[in-house]
Protein chains: 4
Amino acid sequence: MYSFTNDYSESAHPQILKALINSNLIQHTGYSLDSHTDHAKELICEEIHCPDADIHLIVGGTQTNLITISTALRPYQAVISAVTGHINVHETGAIEATGHKVLAMPTTDGKLTPDLIQQALDFHTDEHMVQPKMVYISNSTEVGTQYSKAELEKLHHICRRNHLYLFMDGARMGAALTSPVNDLTLPDIAELTDVFYIGGTKNGALFGEALVIVNEELKPDFRYMIKQRGAMLAKGWLLGIQFEELFQNNLFYTMASHANEMASRLKKALTDKGYSFAYDSCTNQLFPILPDEMIERLKKDFSFNMDRRIDASHSCIRLVTSWATTKEGIEAFIRAL
Amino acid sequence: MYSFTNDYSESAHPQILKALINSNLIQHTGYSLDSHTDHAKELICEEIHCPDADIHLIVGGTQTNLITISTALRPYQAVISAVTGHINVHETGAIEATGHKVLAMPTTDGKLTPDLIQQALDFHTDEHMVQPKMVYISNSTEVGTQYSKAELEKLHHICRRNHLYLFMDGARMGAALTSPVNDLTLPDIAELTDVFYIGGTKNGALFGEALVIVNEELKPDFRYMIKQRGAMLAKGWLLGIQFEELFQNNLFYTMASHANEMASRLKKALTDKGYSFAYDSCTNQLFPILPDEMIERLKKDFSFNMDRRIDASHSCIRLVTSWATTKEGIEAFIRAL
Amino acid sequence: MYSFTNDYSESAHPQILKALINSNLIQHTGYSLDSHTDHAKELICEEIHCPDADIHLIVGGTQTNLITISTALRPYQAVISAVTGHINVHETGAIEATGHKVLAMPTTDGKLTPDLIQQALDFHTDEHMVQPKMVYISNSTEVGTQYSKAELEKLHHICRRNHLYLFMDGARMGAALTSPVNDLTLPDIAELTDVFYIGGTKNGALFGEALVIVNEELKPDFRYMIKQRGAMLAKGWLLGIQFEELFQNNLFYTMASHANEMASRLKKALTDKGYSFAYDSCTNQLFPILPDEMIERLKKDFSFNMDRRIDASHSCIRLVTSWATTKEGIEAFIRAL
Amino acid sequence: MYSFTNDYSESAHPQILKALINSNLIQHTGYSLDSHTDHAKELICEEIHCPDADIHLIVGGTQTNLITISTALRPYQAVISAVTGHINVHETGAIEATGHKVLAMPTTDGKLTPDLIQQALDFHTDEHMVQPKMVYISNSTEVGTQYSKAELEKLHHICRRNHLYLFMDGARMGAALTSPVNDLTLPDIAELTDVFYIGGTKNGALFGEALVIVNEELKPDFRYMIKQRGAMLAKGWLLGIQFEELFQNNLFYTMASHANEMASRLKKALTDKGYSFAYDSCTNQLFPILPDEMIERLKKDFSFNMDRRIDASHSCIRLVTSWATTKEGIEAFIRAL
């Protein structure tokens, strides 16, 4: 049984594990006040060309989303998201649990547009309604798509004009940045958003997301929020060491490229065989539409998630590759098709 | 300038005011523990044929909604509502502020159906998503429509089968129950829902909603919730006295009937002149579609809310009548058409 | 049975009721956007010598407290209060329900001091603890005591130095300002606090508290908070009309003076008979220590609250007078002693 | 510089790290649905003699506290804690951020007693106050003390009688159970509490707390709460593997015994030299009172936290030992005294 269920089925890249082993018995200061964390932050600041950014290393994505959003919003303010956004469907109401409405806009490709944002703004006109104040996007999105630089610039502009914070969930940032159709860089993202994060969990770390706060308004007292939400890791250096490794020697990009390369092989094989896709993805998540009988057959040797039924005899499945996906796994799947 | 903006533009029916005046200098026990409140509760229990119901008199509708919903739900649970539901659009995120997601289902007529509820249930399958636990409906709805007994029975059944609480917002219960097409009674509603309320604010009281809790599970410690949300009126007898008047001598029904009768005159006149309506309402809210130039003209002598633009030269407006709407006001409007 | 249980046992001063009657059938704009409310705000602005204050009329005290505090604080911030503060003991955790810790400091007289505030500041040093950001005081306090101008100036200074908001709960502001030992005025309070309110419920209105926001930082979007917490009264003019009456012809002060005068007669009689008091109050709440047998006897003809047991044969009771307390009631009680 | 600052200054016991290395490239099911987690739960169920307990492995202590408490309490309910309790002072208001008041009772030794609980119950009498529903204790406590079996039985009884949940924070459970004065076992604790946890972070794991839910009422849908609060680790097997190691071959107890043994050497040396302690601890946290000049001298070679000033020339410091504390470190400190 080989798994294409997600990109966090294996623990960590051996190089990351090795770094953790090397520092194992050294005494560190707790709560992310250690020197590894400091160094990791420096590396990220360099990488994004933004020496003044505040960087916080946090264990998981839902934590990072809920802390960031509840820091940015006053109690009556809301965050705009695609209907498919992770915060809208896959976090058990974590944002609402901090008191805030998610304004979910329907999309066909998981991406917000200036038009959708404008719709949300036009509808919310007075104090009987929530006040939109933040825009949440994911890159790559939950359906494998990604933002171009031109698209992100347009989102940046409408957000600036309307005093909205732009927040990019980068749980799969590596996949987006190393996709063949990508034209965005981390420095671009640091310039065009107010806050974003760089995902480790889904790109070869044991765990960890590096939250980058660019906008000064969102910086004060952020560690209070991390602690209050139970997200301040006692042994914070574990996060620091992992992000040091990710941003030394290009490991972050190398792993993400591998995941994308493995996905592109799957995509080519599926396309060659005439199958279509529910979403046009060039990243490590694919959503092919397959005959149900084939899906049943594939399930014997491979694990993956069902996305949804398409018609009486076809369904969409989700295939995810990762830094650890093997060529053998890919080839076996292609043979099984 | 005559107002059709809403059904709470005047203070209170003179009979209610008179009762308040009569008791003005009498000393009462505070916090709704007085004899008028007890009596009002008895009258309502008789009216709904439900001697064991718990009844709480609360100043306003948003308060009543947020207290009821946050009492019923555990932190990860959600409430299903029509997209147009008051809790979804006109309460500034009050439900989310108590930590709960509103699962908003699109409708054409403001009414939930078993199909829509089933869709919400089917989509929310595991602990990565919120858990639907309550269904919120309004009767009459925000667009003037209302539930038939058969429709409410179907909602009752799907809720029972799926362990969902059924909550009816009755801010405009009077208008629904006295509508010419209505076949529901308060005893029916007490039998078919878990909790509902009977609106006073929009039907001739100074303020006040009578929340009726039928389901035992929702009864314990409810006064703690009222107090915590700031909704326990110090001089609670003011609410008791008003609901005594509403449920003595049929005042509640008389006033609502008048509002509906006034609306039906407007509806007939508009229909006679060939205008259509965005929603098919037989209650005190009408949504006629009118030429923009006529709307501008009407605005000189009448106040009302714009609903939305329909096409380049037509818009939908909202006309609301009340217990206090005068025949002269109606006739003046009809002449102005 | 005559009641000294509290100062909100009767409905409203007849003059206030008369004003409500006079406007009863006039159509008003809802949600406190009417002309009576505008006028009431003007009267209060004049009274406090502060033309730029934002004023909001809100039905009850717990609502006002929870809205104000949750507006002022970011999620990790806390409010300092006396242990006896209303928000700490008598609001069913309403402040915590908005997410904020109440830092309760023990006092002997219900009053906070610069020393107590400094203690709270000294203890809370880093992001593992909440951050004190607001100081909550009541005037008069829950035990009948009151702040002098010198005391309030000292609180003002320590708050300024430490970037703390100073919030005065004035549910019994009238009693404080008309006490024989008072040297504070409303303009003083507007100058020395960031936000405060003037209580109507406990001083002759049917209900209503006038919240005065002096500090610019607390003003933006306040109506969103009022609406979200369910505190925006549909028929807001009911509040406006009441505060117009309170601040025309000195009615606010006349009623409070009467309450204090009635209390002072009780106090003199109790003192003359040799009884002592648990707190040194010159306002409308008295806390005499009486023999248990006398308390039992008094209970036959008078209602009042027990405060606490003092020793094996004595208890402290609470006697409250109001704008409506009659001389006959006072004399009967004195005779019964 | 040798650190006695806390018991989580080193990463993990080598045996734990080795287990993580061994499984590194194996594909696992995410979100704690893997076989290592299942096995760890079995081991713990055996260890506590409680086959029906629900066990959840969670990254950190504050997370575990806030999820457990907010699961157990309805919105108006409160948790009783010692003033020194971790939830009261060192979690940045995490419990209040979930909407609940912490009722903090003063103690001299960090331990709650039936008397203190009764005081809290007696004070909170009606719906104007929060309703106590849970008792939170730590074992060992924040000041190094611990509960005897007799003490825990008494707490159990008062909780049962008053329908209070008893929750034991066991972040330092190992230290308590291996203390020379301990007479409690994990099966005792499973019998006498409703829910408790066994700390890994402070006893040799990289991170992780094993929450044990004994009371059926607290079990339903707990994974929803974990997910909503951002505490569901994607690679949950990392927790499973660690707790497998902790509860195989007695590693959990061996490590805790070592920490206590190291502390007892420090304690003996300090006692021999005539120093006293602020708290009577037989676990791995010591609170000696030392002359300020000696503290300054010690700071040159050792790191530790200041507890508080005792008098003009003495302060209390906190010394913490761990599974990783070396005899050399201890001896160096003793020499430096």
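Everything here concerns the structure above.
Colleague: Help me understand the interface of chain C and chain A in this model?
Modeller: By a frequent convention, interface size equals the accessible area lost on bringing the separate parts together. With 22 residues of chain C in contact, the opposing surface of chain A contributes 22 residues. Counting the surface chain C buries against chain A, the share from its top three residues, Y76, E127 and Y224 of chain C, is 36%. Where chain C packs against chain A, one counts 2 salt bridges. E127 of chain A serves as the salt-bridge partner of R223 of chain C, at 2.5 Å between the closest nitrogen and oxygen. Looking at the side of chain C that touches chain A, the element that brings in the most residues is helix α10 (residues 222–228) of chain C, giving 5 residues.

Colleague: Is there a simple way to explain the sheet that holds strand β3 (residues 77–82) of chain A in this structure?
Modeller: In any sheet, the strands associate via hydrogen bonds between backbone groups, in a parallel or an antiparallel arrangement. Residues and elements named next belong to chain A. Read from one edge to the other, the open sheet built from 7 strands follows the order β2-β8-β7-β6-β5-β3-β4, with strand pairing classed as mixed. At either margin of the open sheet sits one strand with a lone partner, and together these are β2 (54–58) and β4 (102–105). Across the sheet, the mean angle separating the axes of adjacent strands is 20 degrees when strand polarity is ignored.

Colleague: I tried to follow the packing of helix α2 (residues 35–48) of chain A against helix α11 (residues 237–246) of chain A on my own but got confused; where do I start?
Modeller: Packed helices, taken two at a time, are described by the angle their axes make and the gap between the axes. Residues and elements named next belong to chain A. In contact at an axis separation of 7 Å, α2 and α11 are set at 35 degrees when each is read in the N-to-C sense. Regarding α2 and α11, the two cross each other, and that crossing is left-handed. Taking contact as the criterion, the partners of H36, T37, H39, A40, L43 and I44 in α2 are, on α11, W237, G240, I241, F243 and E244. Here the residues of the contact of α2 with α11 are counted per class, giving 6 nonpolar, 4 polar and 1 charged.

Colleague: Help me out: how do you make sense of the side chain of T5 of chain C in this one?
Modeller: Structurally, the position occupied by T5 of chain C is in the loop between β1 (2–3) and α1 (14–22). Non-local contacts of T5 of chain C, meaning those with residues more than four positions away in its chain, are made with S303, F304, N305, R318 and V320 of chain C.

Colleague: Even after reading the chapter, I still don't get the interface of chain D and chain A, so can you show me in this structure?
Modeller: The interface is formed by 45 residues belonging to chain D together with 44 residues belonging to chain A. Approximately 3,800 Å² of surface area, both sides summed, lies buried where chain D meets chain A, with 55% of it carried by carbon and sulfur atoms. Along the contact surface separating chain D from chain A lie 0 salt bridges. Those elements that place two or more of their residues in the side of chain D that touches chain A are β1 (2–3), α1 (14–22), α3 (61–72), α5 (94–97), α10 (222–228) and α11 (237–246) of chain D. Here the side of chain D that touches chain A is composed, by residue class, of 23 nonpolar, 17 polar and 5 charged.

Colleague: What am I meant to see in the packing of aromatic side chains here?
Modeller: Both the distance between ring centres and the angle between the ring planes are used here to describe each pair of aromatic rings. This model, assessed by the stated rule, comprises 48 aromatic pairs over all chains. Taken together, a centroid distance of 4.9 Å and an interplanar angle of 25 degrees make the contact between F247 of chain D and F252 of chain D stacked. Following the ring pairs from residue to residue traces out a cluster consisting of Y2, F4, F302 and F333 of chain A. In this structure, K111 of chain B is placed above the aromatic ring of Y147 of chain B, and the distance from its NZ or CZ to the ring centre is 5.5 Å.

Colleague: How should I be thinking about the relation of the copies chain D and chain A in this particular structure?
Modeller: Placing chain D over chain A gives an RMSD of 0.0 Å and needs a rotation angle of 180 degrees, together with 0.0 Å of translation along the axis. Taken together, the rotation and translation relating the two chain copies correspond to the operation of a two-fold axis. Looking at the rotation axis and the C-alpha trace of chain D, the residue lying nearest is R229 of chain D, at 3.8 Å. Mapped onto chain A, 98% of the interface residues of chain D again fall at the interface, so both copies present the same surface.

Colleague: How should the pattern of salt bridges be read in this particular structure?
Modeller: Counting across every chain of the model gives 52 salt bridges over all chains. In this structure, K219 of chain A engages E216 of chain A in a salt bridge whose closest nitrogen and oxygen atoms are separated by 2.7 Å. Ionic pairing is found between D188 of chain C and K149 of chain C, a salt bridge with its closest N-O pair at 3.4 Å. Of this pair, D188 of chain C sits in helix α9 (residues 186–192) while K149 of chain C sits in helix α7 (residues 149–161), placing them 39 residues apart in sequence. Judged by relative accessible area, which is 28%, K149 of chain C ranks as partly exposed.

Colleague: Would you explain the relation of the copies chain C and chain A in this entry?
Modeller: Look at the two chain copies: a rotation about an axis and a shift along it is all it takes to match them. Superposition of chain C onto chain A requires a rotation of 180 degrees combined with a translation of 0.0 Å along the rotation axis, giving an RMSD of 0.0 Å. A share of 100% of interface residues in chain C that are also interface residues in chain A marks the association as one of identical surfaces.

Colleague: Looking at this structure, how should I read the environment of A78 of chain D?
Modeller: Residues and elements named next belong to chain D. Counting through the fold element by element, A78 comes out in strand β3 (residues 77–82). Looking at A78, the relative accessible area reads 0%, which means it is buried. The sequence separation of A78 and R309 amounts to 231 residues, and the corresponding C-alpha distance is 32 Å. Apart from the residues within four sequence positions on either side, A78 is in contact with L73, K101, L103, V130, Q131, P132, K133 and M134.

Cut-offs applied
Residues numbered from 1 in each chain as written. Chains lettered and ligands numbered in written order. Predicted model: local features only at pLDDT ≥ 70, side-chain atom pairs only at ≥ 80, totals over all residues. Heavy atoms only, no water. Contact = heavy atoms within 4.5 Å. Buried area = accessible area lost by both parts, 1.4 Å probe. Salt bridge = Lys/Arg side-chain N within 4 Å of Asp/Glu carboxyl O. Helix = DSSP H or I, 4+ residues; strand = E, 2+ residues; numbered from the N terminus. Pairing = 2+ DSSP bridges. Axes fitted to C-alpha atoms, helices over the stretch in contact; angles between N-to-C directions. Left-handed = near helix turned anticlockwise from the far one by under 90°. Nonpolar A, V, L, I, M, F, W, Y, C, P; charged D, E, K, R; others polar. Phe/Tyr/Trp six-rings, centres within 6.5 Å; stacked < 30°, edge-to-face > 60°. Lys NZ or Arg CZ within 6 Å of the ring centre and 35° of its normal. Least-squares fit on C-alpha atoms with pLDDT ≥ 70 in both. Buried < 20%, exposed > 50% of the residue type's maximum accessible area, 1.4 Å probe, protein only.

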